Every structure is written in structure tokens, then in C-alpha cells.
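Fold and contact review
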Amino acid sequence: MRIDSFEVSKIVGAFLCAFLVIVGFRVALEIGEHDKAPEKPGYVLATPEAAPAAGHSAGGAAPAAAPAAPAPAANAFDPKAVADAAASGNAQAGQKIFGKCAACHSAEPGGPNKVGPNLAGVVGRPKASHAGFTYSDALKAKGGDWTLEDLAVFIHNPKGFVAGTKMLFPGIADPGDLADLLAYLNSVK
Ligand code: HEC
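Residues numbered from 1 in each chain as written. Predicted model: local features only at pLDDT ≥ 70, side-chain atom pairs only at ≥ 80, totals over all residues. Heavy atoms only, no water.

Some points on the coordination of the iron atom of the ligand
At the metal site, the iron atom of the ligand is ligated by His105 (NE2) and Met167 (SD), and these contacts range over 1.9 to 2.0 Å. One way to put it: the six donor atoms around the iron atom of the ligand meet at angles of 87 to 178 degrees, and that makes the site octahedral. You can see His105 sitting in the loop between helix H5 (91-97) and helix H6 (137-142) and its partner Met167 sitting in the loop between helix H8 (158-161) and helix H9 (175-187), a full 62 residues away along the chain. (Donors = N, O, S within 2.8 Å, 3.2 Å for Na, K, Ca; no water. Tetrahedral: all angles 85-135°; square planar, octahedral: opposite > 155°, others 65-115°. Helix = DSSP H or I, 4+ residues; strand = E, 2+ residues; numbered from the N terminus.)

So, in C-alpha cells, the structure goes:
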């Protein structure tokens with residue numbers, strides 16, 4: 001009997017040993033995978049690795065981020081509102097604002113292309129379509145006509161709307177100025 005129970009302990013012990021070895025192997029494998037992970041591109045990793053990290057920091061970051069997010073949304077640039085406001089915009093005030101564009105653009109019908117294309121009749125014309133002007137591939141690829149809304153987005157933040165545009169202009173931030181400017185552009189045909 002004694003020997004039997006001794007044998008049993010040995011068997012149990014052997015199983016435990018094997019179990020530990022297997023677990024140990026797995027852990028080692030997992031550690032190996034984690035070690036390898038940073039060699040992969042960050043974006044591949046981002047989902048599995050960043051998610052727990054975000055979870056940890058969420059306690060502190062989320063409450064701070066949550067009120068911050070609606071704030072820009074509330075003041076967010078609204079191109080549709082600008083396009084609507086352009087209908088009752090002040091074209092004369094817009095002509096003055098066009099002074100910022102005039103170094104590069106003529107808005108006279110039949111006027112020349114300068115650093116940028118002539119803008120007479122730009123409202124409603126296909127993007128990147130003015131004869132004799134060499135547009136960037138980025139703007140050519142954009143497609144569609146220049147609606148007031150697209151113009152508002154572009155003139156507000158040229159590179160934001162057309163990454164890679166040749167138009168080196170930081171943009172007009174004020175929605176009222178933009179609406180007046182669009183009213184002016186809409187008046188030159
Ligand atoms: C520093 C020169 C420069 C200034 C300043 C500038 N632009 Fe431009 N603009 C360009 C260039 C260059 C292009 C061509 C962009 C491209 O091909 O990517 C362009 C393109 C445009 C287009 C697209 C026209 C089309 O035929 O598709 C519009 C609209 C436009 N500009 C409006 C404006 C307005 C409005 C202002 C002033 C608020 C302004 N730009 C200021 C250089 C300028």
C-alpha cells in the first residue's frame with residue numbers, strides 16, 4: 001500500500017512537472033511574442049496594445065478629454081453655415097478680404113492666371129479646370145464642382161481640404177469673413 005501511494009505521488013508529481021513545463025513553455029512563448037511585438041509597425045500593434053493602455057489612462061484622460069471634445073465641436077467650422085451665410089454676405093466687404101488673395105489670384109473676368117488661377121466664375125465651375133493653369137495633381141484628383149460649401153472648406157484650410165495643394169495660404173478662419181468673401185466670388189463671373 002505504501003509503495004502504491006508512493007507510486008501514485010510519483011505519477012501525480014510527474015504530471016505536475018509536465019504541466020509546469022507546458023505552462024512554462026507557454027509563458028516563455030508569450031513573452032517571446034511580446035518581445036517581438038515592437039518590431040511590428042505601430043499601427044498593427046495599436047489595437048491590442050493601445051487598448052489596455054487607453055483603458056488604464058482612461059480614468060484620468062477620459063474625463064479631461066470628454067469635456068474638451070464637445071467644445072471644438074460646438075465652435076467647429078461649419079462650411080454649410082458659411083455657404084448659407086454667403087447668400088446674404090456682403091460682397092463689397094468680401095472684395096476687401098480678397099486683397100489677401102489678390103497677390104496670387106485675379107478675379108476679373110478674363111483676367112490672367114497668376115501664381116494661382118483666375119477666379120472669375122469659380123463658383124460652380126469644375127475644380128482645377130481653368131484654362132492655362134497648371135494645377136497640382138492633388139487638386140486635379142479632388143473632382144467635382146466648386147460649390148460654395150467646398151470653397152468654404154478649401155479657403156478655410158486649403159491643405160486640410162486638399163492635402164498637397166499648391167496653394168500656400170493658411171486659410172481664412174473667420175466664418176463671417178469667409179461668407180463675405182464667397183459672396184464676392186459668387187458675384188464675379
Ligand atoms: C500664395 C498664393 C495664393 C494665395 C495667397 C491664395 N491662393 Fe488660391 N490658389 C493658389 C494656387 C497656387 C492654386 C492652385 C492650387 C493647386 O493646384 O493645388 C490656388 C487655387 C485656388 C482655388 C481653386 C481654383 C480652381 O480653379 O480650382 C481657389 C478657389 C482659390 N485658390 C481661392 C483663393 C482665395 C479665395 C484666396 C484668398 C483668401 C486664395 N486662394 C489665396 C495660390 C494662392
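Observations regarding the layout of surface pockets
The volume enclosed by the largest pocket comes to roughly 470 Å³. Together, 28 residues line the largest pocket, and His105, Gly116, Pro117, Phe154 and Met167 are the ones closest to its centre. Of all the elements, helix H7 (residues 148-156) adds the most residues to the lining of the largest pocket, at three residues. When grouped by side-chain class, the residues that make up the lining of the largest pocket number 21 nonpolar, four polar and three charged. (1 Å grid on protein atoms, 1.4 Å probe; cavity = no way out; pocket = protein on both sides within 12 Å on 5 of 7 lines; lining within 4 Å. Points joined across faces, edges and corners; volume = space filled by probe spheres on them. Nonpolar A, V, L, I, M, F, W, Y, C, P; charged D, E, K, R; others polar.)

Here's the deal with the environment of Thr134
Mapped onto the elements of the fold, Thr134 is located in the loop between H5 and H6. Sequence separation between Thr134 and Gly116 is 18 residues, and the spatial gap between their C-alpha atoms is 8.9 Å.

With respect to the packing of helix H4 (residues 79-86) against H7
The interhelical angle for the contact between H4 and H7, taken along N-to-C directions, is 120 degrees, at an axis separation of 8 Å. The handedness of the crossing between H4 and H7 is right-handed. On H7, the residues that touch Pro79, Lys80, Val82, Ala83 and Ala86 of H4 are Leu148, Glu149, Ala152 and Val153. Along the lines of polarity and charge, the residues of the contact of H4 with H7 split into seven nonpolar, no polar and two charged. (Axes fitted to C-alpha atoms, helices over the stretch in contact; angles between N-to-C directions. Left-handed = near helix turned anticlockwise from the far one by under 90°. Contact = heavy atoms within 4.5 Å.)

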